[in-house]
There are 2 protein chains.
Amino acid sequence: MTAYKDLSKNELKALKKELTKKFEDVKAKGLKLDMSRGKPSTEQLNLSMGMMDVLTSSSDLVCEEGVDCRNYGVLDGIKEAKQLLADMMEVPKDNIVIFGNSSLNVMYDTVARSMIHGVMGSTPWCKLDKVKFLCPVPGYDRHFAITEHFGIEMINIPMTPTGPDMDMVEELVSTDPAVKGIWCVPKYSNPQGITYSDETVHRFAKLNPAAEDFRIYWDNAYGIHHLYEDKQDYLIEILMECKKEGHPDMVYKFSSTSKISFPGSGIAAIAASDANLKEIREQMKIQTIGHDKLNQLRHARFFKDIHGMVKHMKKHADIMRPKFDTVLASLEKELGGLEIGSWLAPRGGYFISFDSMDGCAKAIVAKAKEAGLVMTNAGATYPYGKDPHDSNIRIAPSYPTLDEIKLAMEVFTLSVKLVSIDKLLAKAE
Amino acid sequence: MTAYKDLSKNELKALKKELTKKFEDVKAKGLKLDMSRGKPSTEQLNLSMGMMDVLTSSSDLVCEEGVDCRNYGVLDGIKEAKQLLADMMEVPKDNIVIFGNSSLNVMYDTVARSMIHGVMGSTPWCKLDKVKFLCPVPGYDRHFAITEHFGIEMINIPMTPTGPDMDMVEELVSTDPAVKGIWCVPKYSNPQGITYSDETVHRFAKLNPAAEDFRIYWDNAYGIHHLYEDKQDYLIEILMECKKEGHPDMVYKFSSTSKISFPGSGIAAIAASDANLKEIREQMKIQTIGHDKLNQLRHARFFKDIHGMVKHMKKHADIMRPKFDTVLASLEKELGGLEIGSWLAPRGGYFISFDSMDGCAKAIVAKAKEAGLVMTNAGATYPYGKDPHDSNIRIAPSYPTLDEIKLAMEVFTLSVKLVSIDKLLAKAE
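In this text the structure is predicted, and so the values were computed from the model without any measurement. The written sequence of each chain sets the order in which its residues are numbered from 1. Here chains are named by letter from A upward and ligands by number from 1 upward, in the order in which they appear as written. Owing to the predicted nature of the model, reporting of local features is limited to residues with pLDDT of at least 70; listing and counting of side-chain atom pairs is limited to 80 or more, with chain, interface and lining totals taken over all residues.

Working definition: helices are DSSP H or I runs of at least four residues, strands are E runs of at least two. Numbering for both runs from the N terminus. Scanning chain A from terminus to terminus reveals 13 helices and 13 strands. Taken over the C-alpha trace, chain A has a radius of gyration of 23 Å; the compact-globule value for 429 residues is 22 Å, and the two agree within 12%. Counting all 429 residues of chain A, 52% fall into the buried class. Considering only residue pairs separated by 6 or more positions, chain A has 76% of its internal contacts joining residues 24 or more positions apart. The globule rule used for comparison is 2.2 Å times the number of residues to the exponent 0.38, while the radius of gyration itself is calculated over C-alpha atoms. For the exposure call, what matters is how many other C-beta atoms sit within 10 Å of a residue's own: 20 or more marks it buried, 12 or fewer exposed, and in between partly exposed, using C-beta atoms placed from the backbone. Remark: residues whose backbone-derived C-beta atoms lie within 7 Å of one another are considered to be in contact.

Attention now goes to the domain arrangement of chain A. Residue and element names in this part refer to chain A. An automatic or database domain assignment supplies the start and end points of every domain. Segmentation of chain A into domains returns domain 1 (4–44 + 310–428) and domain 2 (61–304). One C-alpha centre belongs to domain 1, the other to domain 2, and the line joining them spans 31 Å. Residue-level contacts link 24 residues of domain 1 with 28 residues of domain 2. Among the elements of the structure, helix H11 (306–335), strand S11 (352–356) and strand S13 (392–395) are those that each provide at least two residues to the side of domain 1 that touches domain 2. In terms of residue count, H11 provides more of the side of domain 1 that touches domain 2 than any other element does, seven residues in total. Considering only residue class, the side of domain 1 that touches domain 2 consists of 15 nonpolar, six polar and three charged. Amino acids are sorted into nonpolar (Ala, Val, Leu, Ile, Met, Phe, Trp, Tyr, Cys and Pro), charged (Asp, Glu, Lys and Arg) and polar (every other residue, Gly among them).

As a further point, take the interface of chain B and chain A. Between chain B and chain A, the residue contacts involve 43 residues of the former and 43 residues of the latter. Those elements that place two or more of their residues in the side of chain B that touches chain A are helix H2 (42–46), helix H4 (103–117), helix H5 (141–149), helix H9 (274–287) and helix H10 (293–303) of chain B. With six residues, H4 of chain B is the single largest residue contributor to the side of chain B that touches chain A. Of the residues that constitute the side of chain B that touches chain A, the class distribution is 20 nonpolar, 17 polar and six charged.

Next up on the list: helix H5 (residues 141–149) of chain A. Among the residues making up H5 of chain A, those that are buried are Asp 141, His 143, Phe 144, Ile 146 and Thr 147 of chain A. Residues of H5 of chain A that are buried sit in contact with helix H4 (103–117), strand S3 (132–137), strand S4 (153–160), strand S6 (179–184) and strand S7 (215–219) of chain A together with H9 of chain B. Looking at the residues trailing H5 of chain A, positive phi occurs at Gly 151 of chain A, about 70°.

Turning our eyes to something else, we now look at the relation of the copies chain B and chain A. A least-squares superposition brings the copies together, and it is based on the C-alpha atoms of residues with pLDDT no lower than 70 in both. Structural alignment of chain B on chain A gives an RMSD of 0.0 Å, achieved by rotating through 180° and translating 0.0 Å along the axis. The superposition operator between the copies reduces to a two-fold rotation axis. When the interface residues of chain B are mapped onto chain A, 100% of them again fall at the interface, so both copies present the same face.

Bringing the environment of Gln 296 of chain A into the picture now. Residues and elements named next belong to chain A. By the element assignment, Gln 296 lies in helix H10 (residues 293–303). In this structure the C-alpha to C-alpha distance between Gln 296 and Ser 415, which are 119 residues apart in sequence, comes to 45 Å. If we ignore the near neighbours within four places in the chain, the residues touching Gln 296 are Gly 77, Ile 78, Ala 81, Ile 98 and Ile 267.

All names here are of chain B. Pairing between two strands is assigned when DSSP locates at least 2 bridges connecting them. Pairing is antiparallel in the open sheet, where three strands are placed in the order S10-S11-S13. Strands with a single pairing partner mark the edges of an open sheet, and in this sheet they are strand S10 (341–343) and strand S13 (392–395). Neighbour-to-neighbour, the strand axes of this sheet turn through a mean angle of 25°, independent of strand direction. Across four bridges, strand S11 (residues 352–356) lies against S13 in antiparallel orientation. For Asp 355, the partnering residue across the bridge sits in S13 and is Asn 392. Strands S10, S11 and S13 of the sheet are contacted by helix H11 (residues 306–335), whose axis makes an angle of about 20° with S11. On top of the sheet, helix H12 (residues 361–370) reaches S11 and S13; it is set at about 40° to S13, its chief contact. Helix axes are fitted only over the stretch in contact, all axes being lines through C-alpha atoms; the angle between N-to-C directions runs from 0 to 180 degrees.

Residue and element names in this part refer to chain A. Structurally, Ala 345 is set in the loop between strand S10 (341–343) and S11. On the basis of neighbour counts, which here come to 14 C-beta atoms within 10 Å, the residue Ala 345 falls in the partly exposed class. It is 7.0 Å that separates the C-alpha atoms of Ala 345 and Leu 328, two residues lying 17 residues apart in sequence.

Residue and element names in this part refer to chain A. Interhelical geometry of helix H3 (residues 79–89) versus H10 gives an angle of 60° and a closest axis separation of 8 Å. Classified by the angle between their axes, H3 and H10 sit oblique to one another. The element H3 and its partner H10 pack so that their crossing is left-handed. Taken together, the residues of H10 that come into contact with H3 (itself represented by Glu 80, Ala 81 and Leu 84) are Gln 296, His 299, Ala 300 and Phe 303. Considering only residue class, the contact of H3 with H10 consists of four nonpolar, two polar and one charged. For classification purposes, angles smaller than 35 degrees are called roughly parallel, those larger than 145 roughly antiparallel, those between 65 and 115 roughly perpendicular, and all remaining angles oblique. Crossing handedness: left-handed means the near helix sits turned counterclockwise from the far one by under a right angle, and right-handed means the same turn made clockwise.

Time to look at H9 of chain B. The length a helix should cover is 1.5 Å for every residue beyond the first. End to end, H9 of chain B covers 20 Å across 14 residues, agreeing with the expected 20 Å (1.5 Å per residue, within 8%). Within the span of H9 of chain B, buried status applies to Asn 276, Ile 280, Met 284 and Gln 287 of chain B. One side of H9 of chain B carries all its buried residues, which in axial view fall inside an arc of 65°. Exposed positions of H9 of chain B whose direction lies more than 90 degrees from the buried face are Asp 274, Ala 275, Lys 278, Arg 281 and Glu 282 of chain B. At its buried positions, H9 of chain B is contacted by H4 of chain A together with strand S2 (96–98), strand S8 (251–256) and strand S9 (268–271) of chain B. As used here, the arc belongs to the directions running from the helix axis to the C-beta atoms.

Right, let's talk about the packing of H12 of chain B against helix H13 (residues 402–428) of chain B for a bit. Residue and element names in this part refer to chain B. Look at H12 against H13: their axes get within 9 Å of each other, and the N-to-C directions meet at 130°. Accordingly, the angle class assigned to the pair H12 and H13 is oblique. The element H12 and its partner H13 pack so that their crossing is right-handed. The residues of H13 that touch H12, namely those facing Ala 363, Ile 364, Lys 367 and Ala 368, are Val 411, Phe 412, Ser 415, Val 416, Leu 418 and Val 419. Of the residues in the contact of H12 with H13, the class split is eight nonpolar, one polar and one charged.

Quick look at the sheet that holds S11 of chain A now. Strands in a sheet are paired, the pairing made by backbone hydrogen bonds, and the direction either parallel or antiparallel. Residue and element names in this part refer to chain A. Read across the open sheet, the three strands follow the order S10-S11-S13; overall the sheet is antiparallel. Across the chains shown, the open sheet's two edge strands, defined by having one partner strand only, are S10 and S13. Going across the sheet, the axis of each strand differs from the next one's by a mean of 25°, ignoring polarity. Sitting on the sheet, H11 touches S10, S11 and S13, and the angle it makes with S11 is about 20°.

Caution applies to low-pLDDT parts of the model: their predicted coordinates are not meant to be read in detail. Per-residue confidence from the prediction method is given by pLDDT, with values spanning 0 to 100. The pLDDT averaged across chain A works out to 97; a share of 100% of its residues lies at or above 70. For this predicted complex, the interface confidence reaches an ipTM of 0.96, while the overall pTM sits at 0.96.

Another point: the pairing of strand S6 (residues 179–184) of chain B. Residues and elements named next belong to chain B. Counted residue by residue, S6 has six buried out of six residues, so it is predominantly covered. Inspection of the sheet shows strand S3 (residues 132–137) paired to S6 by three bridges, in the parallel sense. Bridging across to S6, Lys 132 finds its partner in Val 179. Across four bridges, S6 lies against strand S7 (residues 215–219) in parallel orientation. What sits directly across from Trp 183, in S7, is Tyr 217.

Written out as structure tokens, the structure is:
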């Protein structure tokens with residue numbers, strides 16, 4: 001393979017002609033493909049169908065603490081659900097509060113509470129002139145949407161292969177009291193699939209924030225979402241690490257079963273220190289009488305325990321793995337050596353992150369759309385939707401079938417090639 | 001029956017001796033009774049057990065708009081659930097948004113959103129020096145807890161047999177721009193069981209608020225919770241009324257199926273004007289990807305339509321009616337004519353409101369507790385837990401059995417008598 005940058009203008013033009021022909025052929029098929037969101041496939045949903053039969057009209061619907069799950073009562077989650085999610089989140093079950101169906105909602109509420117009531121006695125953020133959050137980039141668009149919604153200033157922190165640039169994080173967190181939080185997807189990160197290294201987690205736990213109400217927003221969305229049996233990432237548990245370093249209150253940890261059981265009908269939780277949870281419960285008892293205990297019971301009885309959940313995740317992996325492998329094989333085969341893009345091969349999570357040549361991402365996504373392939377909007381992985389290099393594209397291979405992914409990757413790689421050639425030709429002018 | 005106030009000191013003392021003996025006898029039984037919360041009984045929960053069998057692993061889990069309810073998608077509720085709850089709330093289905101399991105949570109979020117973002121472009125309440133809510137009293141403690149939590153000043157508005165004192169409401173709403181809302185339980189009110197008269201609703205719709213961001217918080221929690229077939233209250237639908245009067249945006253209407261299907265595992269909704277819902281959806285899409293659609297589908301398929309729900313409510317009424325009748329009969333038999341308390345006989349809802357002589361409620365609740373009967377805390381029906389007359393006590397007869405209610409009422413009426421005698425004797429000193 002010759003790198004495109006080493007091709008002459010005429011060679012590029014000839015190649016463009018040939019690829020344009022191919023692109024028009026694919027376009028003529030009138031495809032309708034979607035690789036935009038991290039949405040489980042129907043095959044994955046079918047794995048949890050047994051959950052629909054766990055509770056019936058002849059079931060005992062009383063939970064371990066003796067409460068009828070059909071009635072009011074139990075504010076912060078039934079015991080068996082707490083145990084299951086505590087094991088999933090690798091924390092003691094007393095350090096967990098169960099919520100409704102959405103961890104995003106828990107994160108939103110956590111920021112909202114800080115805005116209106118402050119954090120453990122600090123000034124409510126809405127009374128401050130400026131509140132800032134650090135945002136490792138590329139990152140999760142819905143995190144950034146929350147902080148933008150509350151008028152919080154977002155500061156880009158570049159991701160490295162071991163996690164966010166910790167020199168920058170340490171500098172900003174320790175010197176600027178307006179920095180109140182950092183969004184993290186620490187394992188199989190969205191979109192790169194990077195897992196924070198031991199050193200990165202240690203450095204997080206050792207942070208000395210200028211703001212007493214600084215918190216790490218640790219969204220461990222893909223904690224047990226491995227792709228392989230033999231190659232798995234390990235992440236150091238942050239709550240214990242912060243406790244060891246004398247900062248037990250510095251972290252909120254979020255998770256849910258959305259991509260384990262059913263998205264939208266799963267259960268979500270927060271894990272945090274006793275002091276943080278005390279404050280959260282105080283607010284929670286004003287906000288609700290309690291969350292859906294029948295669904296908590298349904299989850300606890302279906303998975304039985306964390307071992308049951310881990311076994312279940314292997315079935316998800318069996319469905320996801322070939323899809324990731326197909327995307328990666330296509331990238332390697334079609335783009336390998338051309339020096340017009342780079343990507344990582346994650347060991348878990350829901351995404352593959354692709355970086356094009358600078359200034360090409362928007363055009364590539366637009367080009368792919370021409371041929372019927374919907375990708376996540378270019379820029380979405382950055383705060384305010386602004387990718388300063390216009391280079392990052394998130395590939396979400398979970399929902400389409402293998403055949404659809406093959407077609408989609410044909411469209412995608414052709415789009416990358418064509419847009420890159422145009423870029424190189426424009427440079428050569 | 002001679003009114004206690006007409007008894008001589010010696011007669012009162014003799015009566016006290018006799019009643020104290022009775023009280024000690026009841027106390028010796030070591031009862032454990034609870035009439036504190038509006039919690040459905042097990043018998044009522046059993047009415048909805050069929051709901052546990054509606055969705056199974058062999059069910060079609062695709063909703064009317066063709067979306068797989070097991071996956072992400074559909075922000076504001078599936079069509080069939082919207083139709084069902086729209087009919088329940090007597091509004092067009094386009095004027096409804098479905099939420100999670102708790103209407104209290106929807107109300108909390110509505111206030112929180114106004115605090116941080118304002119209402120349709122107005123100044124966020126957290127930026128204002130003073131925000132006030134009108135609170136018809138006696139009222140629902142959890143409403144008052146929300147406004148207190150947000151630091152909103154609460155102003156008592158006395159309830160009358162036709163609803164809140166509308167002269168006072170009109171005066172305050174039209175002159176004070178700090179008045180941003182009023183809490184209403186317009187039908188079978190908590191705790192009195194009063195339904196707002198036609199005139200009251202008309203006067204609400206005709207309000208001319210000094211604040212552009214004033215909203216009526218219309219918590220129609222007991223809209224179809226009748227006790228009788230032949231005696232039912234009717235409430236004029238407020239959204240349409242406000243629209244007719246040129247104030248389409250002035251009201252938020254809340255409801256849920258908590259006391260229809262399962263408390264904690266029901267579905268909640270807000271009904272409002274297009275403009276209000278537009279703003280709510282804008283925020284909602286930041287807060288969550290969507291609520292539990294499987295539970296929405298479960299409800300829609302179980303009740304089928306509003307007629308199914310109405311039929312279902314008749315079964316609830318058959319269970320509730322004798323309990324209310326028992327409480328009312330006991331009050332009449334034991335306290336009728338004594339002029340030491342008054343009460344209303346509601347036609348629906350979950351509560352009977354009792355008013356003792358001034359300055360006796362706290363002592364009565366404490367006295368009842370001595371003999372093992374837990375009542376709602378005296379004062380709970382007022383903002384800040386402060387009943388200026390210390391006279392209102394909420395009786396919640398739904399959870400205990402008929403036999404328990406009989407015992408509980410024996411304890412309660414004895415407590416009322418004894419505390420009242422002490423009060424009269426103290427006055428006579």
